[in-house]
Amino acid sequence: MASKNPHFRQLISDSTYTEIVSNQILKQVEAHQAAYPEQKIYMMGFGDTSQPLPATVVKALVDAASRLGHPETYTGYEDITGNPELRRAICLNYYQNKLGITLDPTEVFVSDGAQSVAVNLQELLAEDNIVALQNPAYPSFVEGTLLAGRTQYLNLHCHEQNNFVPEIPEQKVDLIYLCFPNNPTGAVATREQLKAFVDYARTNQALIIFDAVYSPFITTPNIPRSIYEIEGATECAIEIGSFSKMANFTGLRVGWCTVPHSLTINNTVPGELNQMWKIRHSIKFWGTANVAQQGAIAALSEEGQQECQEVVNYYLKNAQLLRAGLEAAGLKCFGGIDNPFIWLKAPQGMQSWQFFEKLMQETGIVGIPGCLFGSSGEGYLRLSTLIRREKIEEAVNSCSQ
Ligand code: PLP
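Note that the coordinates shown come from a computational prediction; the quantities given were computed from them, not determined experimentally.

(A) Layout of the overall build of the protein chain. Scanning the protein chain from terminus to terminus reveals 12 helices and 13 strands. What you see for the protein chain is a C-alpha radius of gyration of 21 Å, in line with the 21 Å of a compact globule of 401 residues. For the protein chain, the C-alpha atoms occupy an extent of roughly 60 × 55 × 55 Å along the three principal directions. Residue burial in the protein chain is summarised as follows: out of 401 residues, 55% are buried. Excluding contacts between residues fewer than 6 apart, the proportion of contacts in the protein chain whose partners are at least 24 apart in sequence is 72%.

(B) A look at the sheet that holds strand β8 (residues 255-258). Spatially, seven strands are ordered β2-β8-β7-β6-β5-β3-β4 in an open sheet, and the strand pairing comes out mixed. The sheet is open, and its two edges are formed by β2 (108-111) and β4 (154-157), each paired on a single side. Across this sheet, the average inter-strand angle for adjacent strands is 20 degrees, counted without regard to direction. Bridge analysis of strand β3 (residues 131-135) against β4 gives four bridges, and the strand direction is parallel. Each bridged residue has a counterpart across the sheet, and for Ala132 the counterpart in β4 is Leu154.

(C) Main features of the nonpolar core. The biggest cluster of nonpolar side chains holds 86 residues, and the ones touching the most others in it are Leu86, Tyr95, Leu121, Ile208, Phe243 and Cys257. Sort the elements by how many residues they give to this core and helix α4 (residues 84-99) lands first, with seven residues. Per-domain counts for this core show at least three residues from each of domain 1 (10-52 + 305-400) and domain 2 (56-303). With residues up to four places along the chain from it excluded, the contact list for Leu121 reads Ile209, Ile238, Ile240, Cys257 and Trp277. Membership of the second largest hydrophobic core comes to 37 residues, among which are Val29, Met44, Phe334 and Leu372.

(D) Looking closely at the site of the ligand. Near the ligand, the surroundings consist of 13 residues, among which Ala114, Asp211, Tyr214, Ser242 and Ser244 are the closest. Here a nitrogen atom of the ligand and a side-chain polar atom of Asp211 are 2.5 Å apart. Within the side chain of Ser242, an N or O atom sits 2.6 Å from an oxygen atom of the ligand. A total of 400 Å² of accessible area belongs to the ligand in isolation, and the protein chains cover 93% of it. Counted by class, the shell around the ligand contains five nonpolar, five polar and three charged residues.

(E) Quick look at the packing of aromatic side chains. Per the stated rule, a full pass over the model turns up 19 aromatic pairs. In this structure, Arg389 packs its charged tip against the face of Tyr314, placed 4.5 Å from the ring centre.

Rules and cut-offs
Residues numbered from 1 in each chain as written. Predicted model: local features only at pLDDT ≥ 70, side-chain atom pairs only at ≥ 80, totals over all residues. Heavy atoms only, no water. Helix = DSSP H or I, 4+ residues; strand = E, 2+ residues; numbered from the N terminus. Rg over C-alpha atoms; globule rule 2.2 N^0.38 Å. Buried < 20%, exposed > 50% of the residue type's maximum accessible area, 1.4 Å probe, protein only. Contact = heavy atoms within 4.5 Å. Pairing = 2+ DSSP bridges. Axes fitted to C-alpha atoms, helices over the stretch in contact; angles between N-to-C directions. Core = buried A, V, L, I, M, F, W, Y, C linked by side-chain atoms within 4.5 Å. Domains from an automatic or database assignment. Near = heavy atom within 4 Å. Polar contact = N/O pair within 3.5 Å; in protein donor to acceptor, adjacent residues only side chain to side chain. Areas by Shrake-Rupley, 256 points an atom, 1.4 Å probe, with all protein chains shown as cover. Nonpolar A, V, L, I, M, F, W, Y, C, P; charged D, E, K, R; others polar. Phe/Tyr/Trp six-rings, centres within 6.5 Å; stacked < 30°, edge-to-face > 60°. Lys NZ or Arg CZ within 6 Å of the ring centre and 35° of its normal.

Here it is as structure tokens:
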């Protein structure tokens with residue numbers, strides 16, 4: 001007799017983030033549009049990209065697809081941990097040349113984006129391990145933790161008083177998710193703040209999963225772009241990266257995680273976690289599409305990186321324009337400087353959902369109520385500026401009316 005996985009129980013009864021977005025947010029938008037067909041709507045809820053792929057990437061994709069169409073150049077399965085050239089490019093062009101961090105390609109695992117990895121990495125840990133999560137947090141960190149049966153997670157609260165960077169846990173935890181630059185708050189962590197977490201993890205033999213998906217958006221000087229800029233981090237942290245936002249790969253799906261050989265936790269020796277993740281790959285994941293990986297290699301070429309920088313600059317300019325417009329309208333904003341998200345404070349102590357409705361009614365701007373990211377997100381709204389510039393400009397105009 002088959003019986004269902006009990007870990008889904010909580011997710012189904014609480015309803016997932018994706019379901020709330022489609023059932024409540026989209027329905028409210030539809031109802032509003034039906035009632036006020038003249039009003040323009042600016043969808044800033046979703047973190048999807050709007051700009052085309054960089055030209056260098058497009059060329060590499062077309063060439064790679066065409067090679068697959070000829071018997072002489074056809075290739076099938078690749079190295080399951082990722083195309084070796086791509087892993088070398090991530091080490092050299094991303095980590096070494098940009099950040100001065102030395103890693104070995106065997107420490108890098110290419111994936112179909114950051115999403116699956118962020119959740120699946122929990123399989124490295126024992127079932128009874130305690131997880132600490134930022135609150136508010138990117139929803140899959142929370143939902144993935146519940147799906148793994150870890151219902152007793154610790155909240156690391158992020159609020160205005162701590163600039164949305166949490167203090168290290170007061171109690172002993174085994175796994176800490178950190179995401180900087182942060183989705184949803186837009187906050188970045190300083191070197192000292194990250195060092196405190198690295199020191200905590202080393203002292204307590206805890207593991208840090210560091211989501212650095214938005215690190216290419218950092219413009220503030222001296223803000224670390226990788227956890228490995230902190231001494232000792234390769235002994236306690238796995239870092240996740242993605243081509244999704246820096247190169248408009250949300251549809252192509254290429255990301256990576258770095259599992260350093262020197263990483264250890266309680267009952268492991270150096271190299272063991274890297275080997276375990278490789279074993280997991282060979283059982284559950286046989287690699288990212290070869291064509292998409294060629295696109296990622298092109299994105300990390302010299303020309304590709306310049307084009308990616310233009311992509312990032314475009315979204316950052318969006319964020320700057322929107323933030324200025326919202327502030328001119330008297331609203332308090334956080335973020336939007338080192339990442340494409342603006343964390344908008346609801347005025348006059350309003351709740352997230354109330355503010356969601358008010359902003360949509362008055363300006364046509366649709367965000368995500370902050371409470372959907374955790375209890376400490378109550379009273380805020382998250383806006384994504386990964387949309388087209390014209391929309392940002394129109395939305396800014398509608399704020400000033
Ligand atoms: N991590 C964070 C913080 C994100 O915001 C996102 C996407 O929005 C992801 C991971 C997933 O990215 P990917 O498209 O690489 O799966």
